[in-house]
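# Reading the structure
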Amino acid sequence: MPKNSLLNISKFVAPEVIFGLGALSQVGESAARLGIKKAFLVSDQGVMEAGWVEKALAFLKEVGIGSYVWYGLTTNPKDCEVAEGAGHYLASGCDGIVAVGGGSPIDVAKAIAILATNGGQIKDYEGVNKISSPLPPMVMVSSTGGSGADVSQFSMIVEKQRQVKMAIISKSLIPDIAIVDPSLLQTKSARLTAATGVDALSHAIEAYVSLAATPLTDVHALAAIRLISANLRESVACRTNLEAKSAMAMASLQAGLAFSNAILGATHAMTHQVDGLLDLHHGETNGILLPYVMEFNMISCGEKFVNIAEAMGVQTTGLGKWKAAERGIAAVRRLFRDIGIPERLSQVGMKEEHIQKLSLNALKDACLVTNPRDCSADEIEDLYRRAL
């Protein structure tokens, strides 16, 4: 073998995926195949009010699986909420976890699984590959079409004391089964549809230019960019547009597979800090920062930025590499403007006085490692200021 051949070895990991309209009906059968007798079902208030938890419980009951429902979490889930959930899990007699919801319930479900079998505090697992004992079987049902948490090896949890959104990364966190039912996207508000769609686009773009990208992740990332560019506006405009919802559900799935394996970049490293401090919606923060980070990263991989532009629907024939790349970034900005994403961090409560602390924290974020261009603290500060 060539001397450096090991440098070209990569892994692509994914759960079993069940996709399609009505796929929620498979939740009971899926849990049964994993040997679950009593499921700890994690969700949130909004998903419960939409009726999806009730439907999931009925499908579990059909196959004789008992359940315990817990939904004590917030939009940016906190370490104290995870600890509370783990206590409920251990006291409930459950032997497996089912999550029905967006990124927050799924991230919390994974974190509860960690503490249930590995003990300690969730902050002990911040970073990469800190989990040593196997987790309970997990079935994740996505309801937002954006986070990709249902197929990823990530769990994002805020540590309240530091006001930092921790990235916990481990292949142990990849669910056994992911159920993606586009029907569930019909009960989201336009604002949440926009924000989660932006999150998916951020995943796809950052995964595509990541230092850890591979041909397998590139295929999924570019496909997700094409789908989002063509369908996100329509999905925001109409709750009942099942064609657009199905396309966005697939885009979220493909973007999730891409970033789970290629990791992310400076946008997410910076967004995690803002969300941890101000408790904002992750997708909206990504939408503000992504174009600025794209401008910063462009010189590191110009050809990939041309491909992003083409996936966004930009006609690049006759354009030079840098002009085509710039038009791709402009297309991203135009999409975000069309769907009502805030354009400045000052609009969502961030102030100049926050920048230094957030920049130092972003330097420690695991996602920065795979950003295609090196970032110093001063450069991150400059990006925050440009977006302010």
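That block above? That's the structure.
Residues numbered from 1 in each chain as written. Predicted model: local features only at pLDDT ≥ 70, side-chain atom pairs only at ≥ 80, totals over all residues. Heavy atoms only, no water.

Now for the overall build of the chain. Across its full length, the chain holds 14 helices and 9 strands. With respect to the three principal axes, the spread of C-alpha positions in the chain is 60 × 55 × 40 Å. The burial tally for the chain puts 60% of its 388 residues in the buried class. By element, 51% of the accessible surface of the chain is carried by carbon and sulfur atoms, the whole surface being about 15,100 Å². Averaging the coordinates of the 35 positive side-chain charges in the chain and doing the same for the 39 negative ones gives two points 2 Å apart. (Helix = DSSP H or I, 4+ residues; strand = E, 2+ residues; numbered from the N terminus. Buried < 20%, exposed > 50% of the residue type's maximum accessible area, 1.4 Å probe, protein only. Areas by Shrake-Rupley, 256 points an atom, 1.4 Å probe, with all protein chains shown as cover. Lys, Arg positive; Asp, Glu negative; His and termini not counted. Charge placed at Lys NZ, Arg CZ, Asp CG, Glu CD.)

Attention now goes to the sheet that holds strand S4 (residues 96-101). The strand order S1-S9-S6-S4-S2-S3 describes an open sheet built from 6 strands, whose pairing is parallel. In this open sheet, the two edge strands, each paired with only one partner strand, are strand S1 (16-19) and strand S3 (66-70). On average, each strand axis in the sheet is inclined to that of its neighbour by 20 degrees, with strand direction left out of account. In this sheet, strand S9 (residues 177-180) lies alongside S1 in parallel orientation, the contact comprising 4 bridges. Within S9, the residue paired with Ile-18 across the bridge is Ile-179. Across the sheet, helix H3 (residues 52-62) is in contact with strand S2 (38-42), S3 and S4; its angle to S2 comes to roughly 170 degrees. (Pairing = 2+ DSSP bridges. Axes fitted to C-alpha atoms, helices over the stretch in contact; angles between N-to-C directions. Contact = heavy atoms within 4.5 Å.)

So, on to the sheet that holds strand S7 (residues 154-159). Hydrogen bonds between backbone atoms are what pair the strands of a sheet, whose relative direction is either parallel or antiparallel. On the basis of which strands lie adjacent, the open sheet formed by 3 strands has the order S5-S8-S7 and mixed pairing. Strand pairing shows two members of the sheet lacking a second neighbour, strand S5 (127-128) and S7, which therefore form its edges. For S5 and strand S8 (residues 164-169), the ladder comprises 2 bridges, and the chain directions are parallel. Within S8, the residue paired with Val-128 across the bridge is Ile-169. The sheet strands contacting helix H5 (residues 103-118) are S7 and S8, and the helix crosses S7 at an angle near 85 degrees.

Turning our attention to empty space enclosed by the protein. On inspection of all chains with the given rule, the structure shows 1 cavity of 30 Å³ or more. As for the largest cavity, its lining consists of Ile-205, Glu-206, Val-209, Thr-267, Leu-290, Val-293, Met-294, Asn-297, Phe-305 and Asn-371. Elements supplying a minimum of two residues to the lining of the largest cavity: helix H6 (190-209) and helix H10 (282-297). Tallied by class, the residues present in the lining of the largest cavity amount to 6 nonpolar, 3 polar and 1 charged. (1 Å grid on protein atoms, 1.4 Å probe; cavity = no way out; pocket = protein on both sides within 12 Å on 5 of 7 lines; lining within 4 Å. Points joined across faces, edges and corners; volume = space filled by probe spheres on them. Nonpolar A, V, L, I, M, F, W, Y, C, P; charged D, E, K, R; others polar.)

For the rest of this paragraph, the subject is the side chain of Asn-261. With respect to the helices and strands, Asn-261 occurs in helix H8 (residues 242-262). Judged by its relative accessible area of 11%, Asn-261 falls in the buried class. Setting aside residues up to four positions removed in sequence, Asn-261 forms contacts with Lys-11, Phe-12, Val-13, Gln-153, Ala-212 and Thr-217.

This paragraph deals with the packing of helix H13 (residues 355-363) against helix H14 (residues 377-387). It is at 9 Å that the axes of H13 and H14 come closest, and there the two elements cross at 125 degrees. The angle between H13 and H14 falls in the class oblique. Where H13 crosses over H14, the handedness of that crossing is right-handed. Along its contact with H13, which presents Ile-355, Gln-356, Leu-358, Ser-359, Leu-360, Ala-362 and Leu-363, the element H14 presents Ala-377, Ile-380, Glu-381, Tyr-384 and Arg-385. (Parallel < 35°, antiparallel > 145°, perpendicular 65-115°, else oblique. Left-handed = near helix turned anticlockwise from the far one by under 90°.)

What follows is about H14. Listed in full, the buried residues belonging to H14 are Ile-380, Glu-381, Leu-383, Tyr-384 and Ala-387. Along the axis of H14, the buried residues cluster in a sector spanning 160 degrees; they form a single face. Looking at the buried side of H14, the elements it contacts are helix H9 (266-278), H10 and H13. (Arc of directions from axis to C-beta.)

Attention now goes to the nonpolar core. Counting residues in each nonpolar core, the largest one holds 73 residues, and the members touching the most others are Leu-201, Ile-225, Phe-305, Ile-308 and Tyr-384. Ranked by the residues each element gives to this core, the list is headed by H6, at 9 residues. If we ignore the near neighbours within four places in the chain, the residues touching Tyr-384 are Met-270, Gln-273, Val-274, Leu-289, Leu-345, Met-350, Ile-355, Leu-358, Ser-359 and Ala-362. Judged by nonpolar contacts, the second largest core, of 30 residues, contains Phe-40, Ala-111, Ile-157 and Met-166. (Core = buried A, V, L, I, M, F, W, Y, C linked by side-chain atoms within 4.5 Å.)

Estimates place the volume of the largest pocket at around 790 Å³. Along its surface, the largest pocket is lined by 42 residues, and Gly-102, Gly-103, Ser-104, Thr-144 and His-281 are the ones closest to its centre. When contributions to the lining of the largest pocket are tallied by element, the ones reaching two or more residues are helix H2 (45-49), H5, S7, H6, H9 and H10. Considering only residue class, the lining of the largest pocket consists of 14 nonpolar, 21 polar and 7 charged. In terms of lining, the second largest pocket is formed by 19 residues, of which the most central are Gln-153, Ala-212, Asn-261, Ile-263 and Thr-370. For the lining of the second largest pocket, a count of residues per class yields 9 nonpolar, 8 polar and 2 charged.

Moving on to the environment of Ile-299. Tracing the backbone shows Ile-299 in the loop between H10 and helix H11 (302-311). Looking at Ile-299, the relative accessible area reads 58%, which means it is exposed.

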